[in-house]
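So you can see what is in the structure, the chains are spelled out below.
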Amino acid sequence: EINPKWPKASVMTGFAVAGAAMRGHRLVVDNDNGDAKVYYDGKEILAAFPSTFTDDVMTARHEMSVTDHKRAHKQQGLLFLLPNDITLAVLRYTGKYTDLTISMPRWEGDVDGHCGNFNGDPKDDTTDALFGRGVLDPVHSDVSMFAHHLEGTASPALSIEDCDEETRKRAEILCQGLDSEPHRDACVFDVCMTSDDLIAGDDKQAEELEEGFMVQRLISEDTRLQKGTHLGMVEGLAEFELSLDLTVHSAQKGWTSIVHFTDGPAHKNCCEEGDRVPALWLHPGNSRLHVRMSRAGSGNGGCDPKEELPFGQKVAIRVRVQGAYMLVFINDKVACVSGAYGDKYVPSKRVAVLAADPWYEAADATIGHMWYGPVRPLPLGELLGEQEVGLERGTLLTRIQTFEEFEFKFDILPRGRVDSWGSIVHFTHDLAGNAAKEGDRIPALWFHPKSTRLHVRMSRRGSKNDGCDPKEELPMGVTTTVTVKLHSDMLTVMLGNRVVCTQSKYEDKFPALENVYVYAGDPWYEAADALVSNMVYQKDTGLPDGSLIGQEIMLSKGALLGTVEGSANFALTFNILPIRVESGWRSIVHFTHDMTRNCCNEGDRLPAIWFHSKSTRLHVRSSRKGSGNDGCDPREQLKLGRSTQVTVRVQGGKLEVLFDGESVCTDSSYKTPFAPRDRLVVYASDPWYEPATAKISDMKYERL
């Protein structure tokens with residue numbers, strides 16, 4: 001807390017973290033005179049020493065020497081790896097203070113609070129500046145994240161007056177070497193409050209503290225590459241992220257070096273394990289990256305992005321080794337991925353960093369803001385919200401849990417066509433898996449080449465690439481809601497409320513999984529030229545139920561109304577207003593126990609109704625034992641422009657059709673009507689015939 005008696009310094013006894021970065025979770029750390037308490041969503045964690053905690057949002061550890069900083073040496077500490085590359089490291093929590101370091105990417109303009117706005121300008125982080133922006137205003141108890149854990153208590157109001165004279169004199173001597181009055185005042189206060197002489201470091205130690213847990217910053221300002229430049233040594237990591245800004249000025253003959261991490265006493269170029277951990281070059285004659293990273297059994301594995309970097313433009317490059325994967329990101333898009341890193345190379349604590357290396361000519365390029373540190377969990381959370389987002393190749397959205405039966409829905413607005421397959425969205429259990437095995441597409445969607453026609457794939461047992469493709473193209477410049485649903489043995493694709501294709505081979509489904517990766521679009525194909533939004537994946541709860549039709553609607557081909565619990569004896573009633581007659585059978589309504597079948601097995605029509613060609617005369621079919629297509633057709637036609645109540649009833653061994661309550665035809669062969677075992681799917685109209693040009697309303701289905 002900031003105390004008026006000593007406004008240029010502070011002491012921290014606890015902290016809390018919540019908000020969007022925590023995906024709705026809350027982390028609180030309290031320090032009660034050296035007794036650290038950690039709460040996650042109100043429940044205590046890390047109570048034992050040592051101990052660990054992991055979920056899909058955070059990895060946390062309570063252990064000795066949580067970082068290599070000397071103040072953490074042989075001290076009990078806490079480490080929290082959070083989303084968005086945020087690390088919190090409690091180096092120690094002795095006495096009445098908590099020694100916390102925070103490391104995170106630079107998000108200029110997006111961060112502000114008690115620790116400043118992280119824009120690199122120290123003038124913005126003074127007490128006066130913080131008070132002026134309102135970020136130091138008192139937190140009301142109603143919204144304090146500490147209230148639940150410290151109800152009825154308050155943080156101690158510590159000031160320099162609480163420091164005994166002997167400690168204060170020692171602190172002033174220790175802090176004499178600091179270059180500014182604010183640093184010296186803060187140093188004296190911290191030494192007084194902590195009795196920790198090591199806090200009185202110089203500017204270099206302060207910079208180390210700012211970097212946080214194990215993040216080793218190698219280059220800050222933009223620097224032109226020079227052959228054989230040794231940047232220093234870092235402690236190597238088996239799982240890591242290397243991040244740098246790169247501006248390529250021109251292409252050169254031969255391989256040209258960008259940066260080279262090399263392990264071992266000899267610090268060699270290639271090709272034993274540890275020689276490249278990692279190393280980056282440009283290909284001869286162009287600006288395409290060549291990325292190599294040792295793994296167990298290979299000193300020269302890796303992957304190379306297909307795209308060339310633009311000349312004269314700064315791009316953000318990230319190389320990440322995590323789990324079984326090595327990924328290369330260009331401007332936050334996955335440019336290539338290798339799944340061969342299940343058995344990793346474990347580097348030493350003395351890895352040399354060269355930019356550029358001495359074995360190749362330096363790339364004609366400038367690098368800046370290069371750092372090397374521990375890898376964080378891949379993103380987890382929602383897919384896409386209401387804001388439309390243009391698809392880009394290699395966009396890794398998130399990790400999610402999948403289900404055997406699911407519904408996946410999104411809105412898409414095509415803006416153009418691409419010559420190749422255009423990737424829209426790709427769910428895969430293997431970050432490097434496109435189509436090699438079952439689970440690589442669960443599901444995945446593309447546009448066909450030079451088209452907006454969907455290509456929908458969904459793995460099942462025995463087939464890694466099954467699915468179904470609608471025949472029609474999506475309209476250009478118009479937003480369409482696409483739904484992919486897997487229910488029972490049926491994969492269904494819908495555009496709006498219309499079923500446009502089905503596949504009924506999913507008796508043996510691919511199982512539910514955790515940590516499935518979601519791309520939009522994927523790194524293996526060009527991205528579709530489209531905007532997507534409102535993307536939702538959820539466990540399937542069955543087809544919709546309830547009233548079939550209330551107010552008057554126009555019939556539409558393939559419109560899926562929902563499901564009903566069927567019965568051998570039933571009454572179906574609806575109002576219909578014919579507008580005009582058309583050529584061919586014209587579908588009105590179709591009840592079926594198999595949503596992929598039109599005719600003529602038992603249960604395919606329960607009932608189903610059409611207009612005859614060029615007529616408003618009804619064609620009424622309903623299954624019975626021994627016939628999937630029996631029924632009766634009234635002789636009279638319905639009047640154009642006039643609403644008629646139609647009833648189809650199966651009861652008492654007969655099928656009967658009524659107009660406005662008057663019987664118009666009967667079939668007495670229904671002594672054994674078909675008895676459905678499952679719910680019936682209801683179309684109005686069905687996907688196999690063109691719709692009748694008519695409006696219907698007040699549709700009800702009654703079990704008799």
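Quantities reported herein were computed from a predicted structural model and do not represent experimental measurements. (Residues numbered from 1 in each chain as written. Predicted model: local features only at pLDDT ≥ 70, side-chain atom pairs only at ≥ 80, totals over all residues. Heavy atoms only, no water.)

A.B. asks: What is the right way to read the overall build of the protein chain from this model?
C.D. replies: Each helix and strand counted, the protein chain has 4 helices and 51 strands in total. Within the protein chain, the proportion of its 704 residues that are buried is 52%. Surface summary for the protein chain: the accessible area is close to 31500 Å², and the carbon and sulfur share equals 46%. (Helix = DSSP H or I, 4+ residues; strand = E, 2+ residues; numbered from the N terminus. Buried < 20%, exposed > 50% of the residue type's maximum accessible area, 1.4 Å probe, protein only. Areas by Shrake-Rupley, 256 points an atom, 1.4 Å probe, with all protein chains shown as cover.)

A.B. asks: Explain the confidence of the model for the protein chain to me, please; I cannot follow it from the model alone.
C.D. replies: Predicted coordinates in regions of low pLDDT should not be interpreted in detail. Put simply, the protein chain has an average pLDDT of 83, and 83% of its residues get 70 or more. Taken together, the stretch residues 147–155 has pLDDT below 50 and engages in 11 contacts with residues farther than four places along the chain or on a different chain. (pLDDT = per-residue confidence, 0-100. Contact = heavy atoms within 4.5 Å.)

A.B. asks: What's the story with the state of the cysteines in this structure? I'm lost.
C.D. replies: This structure, assessed with the given rule, holds 5 disulfides. Sulfur-sulfur distance for the disulfide between cysteine 270 and cysteine 271 comes to 1.4 Å. Judged by the sign of its S-S torsion, about 80°, the bond between cysteine 270 and cysteine 271 is right-handed. (Disulfide = S-S within 2.5 Å.)

A.B. asks: Help me understand the side chain of arginine 624, please; the structure alone is not making it clear to me.
C.D. replies: Of note, arginine 624 is situated in the loop between strand S44 (618–621) and strand S45 (631–632). Every residue in contact with arginine 624, bar those within four places of it in the chain, is listed here: Glu602, Asp630, Ser669, Tyr670, Thr672, Pro673 and Phe674.

A.B. asks: Just checking my understanding: could you explain the side chain of histidine 448 for this structure?
C.D. replies: Mapped onto the elements of the fold, histidine 448 is located in the loop between strand S30 (444–447) and strand S31 (454–457). In contact with histidine 448, other than residues within four places in its own chain, are Ser420, Trp421, Arg453, Leu454, His455 and Asp469.

A.B. asks: Hey, could you run me through the environment of threonine 398 in this one?
C.D. replies: Mapped onto the fold, threonine 398 is located in strand S27 (residues 396–400). For threonine 398, a relative accessible area of 2% corresponds to the buried category. Residues threonine 398 and asparagine 515, spaced 117 residues apart in sequence, show a C-alpha to C-alpha distance of 8.9 Å.

A.B. asks: Any chance you could explain the pattern of salt bridges here in plain terms?
C.D. replies: When the charged atoms of two side chains with opposite charge come close together, those side chains can pair. Per the stated rule, a full pass over the model turns up 30 salt bridges. In this structure, the salt-bridge partner of aspartate 529 is arginine 415, at a minimum N-O distance of 3.2 Å. Residue aspartate 529 is located in the loop between strand S37 (526–527) and strand S38 (530–539), and its partner arginine 415 is located in the loop between strand S28 (406–414) and strand S29 (422–428); the two are separated by 114 residues in the primary sequence. Residue class for aspartate 529 comes out partly exposed when judged on its relative accessible area of 27%. (Salt bridge = Lys/Arg side-chain N within 4 Å of Asp/Glu carboxyl O.)

A.B. asks: What is the right way to look at the pairing of strand S43 (residues 608–611) in this model?
C.D. replies: Walk down a regular strand and you will see the side chains alternate between the two sheet faces. Neither face of S43 is open: one carries Ala608 and Trp610, the other Ile609 and Phe611, and all of them are buried. One ladder, built from 4 bridges, connects strand S42 (residues 586–592) with S43; its direction is antiparallel. Directly across from histidine 590, in S43, lies its bridge partner alanine 608. In the sheet, S43 pairs with S44 via 4 bridges, with the strands oriented antiparallel. Within the sheet, the bridge partner assigned to alanine 608 lies in S44 and is arginine 621. Counted along the chain from S43 to the antiparallel partner S44, the turn is 6 residues long, and its residue lysine 614 has a positive phi close to 55°. (Pairing = 2+ DSSP bridges.)

A.B. asks: Just checking my understanding: could you explain the pairing of strand S23 (residues 351–354) for this structure?
C.D. replies: Side chains Val351 and Val353 project from S23 onto one buried face, and the interleaved Ala352 and Leu354 project onto a second face that is buried too. Pairing of strand S14 (residues 230–234) with S23, which is carried by 4 bridges, proceeds in the antiparallel orientation. Across the sheet, residue histidine 230 finds its bridge partner in S23, namely leucine 354. Pairing geometry for strand S16 (residues 256–262) and S23, over 3 bridges, is antiparallel. Paired with histidine 260 across the strands is leucine 354, a residue of S23.

A.B. asks: It is not clear to me how the nonpolar core should be interpreted in this structure. Could you clarify?
C.D. replies: In globular proteins that are soluble, nonpolar side chains generally tend to be buried together. In this structure, Leu242, Leu246, Ile258, Val259, Phe261 and Leu289 are the most contacted members of the largest nonpolar core, which totals 42 residues. The element best represented in this core is strand S15 (residues 240–248), accounting for 5 residues. Apart from the residues within four sequence positions on either side, leucine 242 is in contact with Val259, Phe261, Pro278, Leu280, Ile317, Arg318, Val319, Met370, Trp371 and Tyr372. Formed by 39 residues, the second largest nonpolar core is a distinct cluster that contains Ile424, Leu474, Val482 and Leu495. (Core = buried A, V, L, I, M, F, W, Y, C linked by side-chain atoms within 4.5 Å.)

A.B. asks: I'm lost on the sheet that holds strand S34 (residues 490–495) in this one. Help?
C.D. replies: In a beta sheet, neighbouring strands are held together by backbone hydrogen bonds and run either parallel or antiparallel to one another. Across the sheet, 6 strands lie side by side as S26-S38-S28-S33-S34-S35; this open sheet has antiparallel pairing. The open sheet has two edge strands, strand S26 (389–390) and strand S35 (498–503), and neither has a second partner. Of the strand pairs in this sheet, S28 and strand S33 (residues 480–487) are connected by 7 bridges, and their pairing is antiparallel. Counted as the bridge partner of phenylalanine 408 is valine 484 from S33.

A.B. asks: Would you mind showing me how to read the sheet that holds strand S51 (residues 694–703) here?
C.D. replies: Strand order in the open sheet formed by 6 strands is S39-S51-S41-S46-S47-S48, and the pairing between neighbours is antiparallel. Two strands lie at the open edges of the sheet, namely strand S39 (553–554) and strand S48 (662–667), each paired on one side alone. Alignment of S39 against S51, held across 2 bridges, turns out to be antiparallel. Paired with methionine 554 across the strands is lysine 695, a residue of S51.

A.B. asks: Teacher, can you tell me more about unusual backbone geometry here?
C.D. replies: Peptide bonds are, in most cases, trans, and in most cases residues other than glycine have a negative phi. The omega angle of the peptide bond from phenylalanine 49 to proline 50 is -10°, so this bond is cis rather than trans. Residue placement: proline 50 occurs in the loop between strand S6 (43–45) and strand S7 (51–54). With an omega of 10°, the peptide bond running from cysteine 270 to cysteine 271 counts as cis. Along the chain, the position of cysteine 271 falls in the loop between S16 and strand S17 (279–282).

A.B. asks: Explanation requested: the packing of aromatic side chains in the structure shown.
C.D. replies: Each pair of aromatic rings is reported with the distance of its centres and the angle of its planes. Evaluation of the coordinates by the stated rule reveals 18 aromatic pairs. Aromatic pair tyrosine 325 and tyrosine 517: ring centres 6.0 Å apart, planes at 85°, arrangement edge-to-face. Within this pair, whereas tyrosine 325 is found in strand S21 (residues 325–330), its partner tyrosine 517 is found in strand S36 (residues 516–519), the two being separated by 192 residues in sequence. Across the pair, tyrosine 517 and tyrosine 325 agree in class, each one buried. Pairing tyrosine 683 with tryptophan 688 gives two aromatic rings, centres 5.7 Å apart and planes at 80°, and the pair type is edge-to-face. Classification of tyrosine 683 by relative accessible area gives buried; the value is 0%. Given a relative accessible area of 29%, tryptophan 688 falls into the partly exposed group. The rings of Phe403, Phe406, Phe408, Phe410, Phe427 and Tyr537 are connected pair by pair, giving a single aromatic cluster. Above the plane of the ring of phenylalanine 329 lies arginine 318, whose end atom (NZ or CZ) is 4.2 Å from the centre. (Phe/Tyr/Trp six-rings, centres within 6.5 Å; stacked < 30°, edge-to-face > 60°. Lys NZ or Arg CZ within 6 Å of the ring centre and 35° of its normal.)

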